[in-house]
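Residue-level structure breakdown
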Amino acid sequence: MRNDVFVALKEVMKVRKVNYKDLAARIDMSESGLKKLMASQDCSISKLDQICDVINIDLGDLFAIAQNSKEPTLKINDKQEALFLKKPIIYHFFTELLSVDGDWKKIASKHRLDKNECLSMLRDLDKVNLIELGEKDRVKLLFKWSDINISAKLGALVSFNIDRAFFEYAQDQFQMEEKTSHGSRGSFYLKKESVLDYLKALDDVQSEFAKRSKREELLYGKENLENITFMTYMASDFRAADYVFTK
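Residues numbered from 1 in each chain as written. Predicted model: local features only at pLDDT ≥ 70, side-chain atom pairs only at ≥ 80, totals over all residues. Heavy atoms only, no water.

For the rest of this paragraph, the subject is unusual backbone geometry. You will see that Asn56, though not glycine, has its phi angle at about 65°, which is positive. Topologically, Asn56 is positioned in the loop between α4 (45-55) and α5 (59-67). Positive phi is not limited to glycine here, since Lys136 has a value of about 55°. Along the polypeptide, Lys136 turns up in the loop between β2 (131-133) and β3 (139-141). (Helix = DSSP H or I, 4+ residues; strand = E, 2+ residues; numbered from the N terminus.)

What follows is the structure in structure tokens.
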């Protein structure tokens, strides 16, 4: 963990355009002494907090940048999945709840949701131990923002309409040659082992950029970043020509 913190610290310094000489002067150290401290990674919390003040980042955010690649995957249980299967909207509500640190009023304002509807969903989430709903309708998250492991059945249910709408939107952007839209299509002939390698490679790319997204949001602020949505499909034995040429 210590190595991750100092790697993150160097990255923040680079983003904030703070060099060793200027930082050393601000914390009453010599430049050589600061470089030695960074290399040895031997630093008290108070000194690290002082450095964070100078480079304008909260100490907690620095730890979050260092830790984000190690965040666990939340595997929901049968009872929790049953709730989501019955009411898919609650799944979407829950994922947004994680992203706003439990501030359900932000979600209500963003999506123009009725207060009573929100409270009903919160009570349902509380019953299956995904959150704790306390006094004055305060939410205590029992999990930090993380990837959520769900079944294919639930995945199809909660993503189908979104996928269809996104596909149509992306197609329109691609046809208008919008800068953020990228379209590609191709066919491979692969043995089974290579198909598995291909799928793993796609997962690895997605995981890498998900981690990068979390780091860059903390480093630069969401408002300064591009909002990217993507979708990838792969189908075996699909013949495009069968859907183009009629017999």
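Look at helix α7 (residues 88-99) against helix α10 (residues 152-175): their axes get within 10 Å of each other, and the N-to-C directions meet at 80°. By the criterion of interaxial angle, the relationship of α7 to α10 is roughly perpendicular. Side by side, α7 and α10 meet where Pro88, Tyr91 and His92 of the first sit next to Leu154, Leu157, Val158 and Ile162 of the second. (Axes fitted to C-alpha atoms, helices over the stretch in contact; angles between N-to-C directions. Parallel < 35°, antiparallel > 145°, perpendicular 65-115°, else oblique. Contact = heavy atoms within 4.5 Å.)

Our focus in this paragraph is the packing of aromatic side chains. Taken as a whole and judged by the stated rule, the model has 3 aromatic pairs. Here Phe84 and Tyr91 contribute two aromatic rings whose centre-to-centre distance is 5.3 Å and whose plane-to-plane angle is 80°, an arrangement assigned as edge-to-face. Accessibility classification places Phe84 together with Tyr91 in one group, the buried group. Taken together, the ring pairs in this structure connect Phe84, Tyr91 and Phe94 into an aromatic cluster. (Phe/Tyr/Trp six-rings, centres within 6.5 Å; stacked < 30°, edge-to-face > 60°. Buried < 20%, exposed > 50% of the residue type's maximum accessible area, 1.4 Å probe, protein only.)

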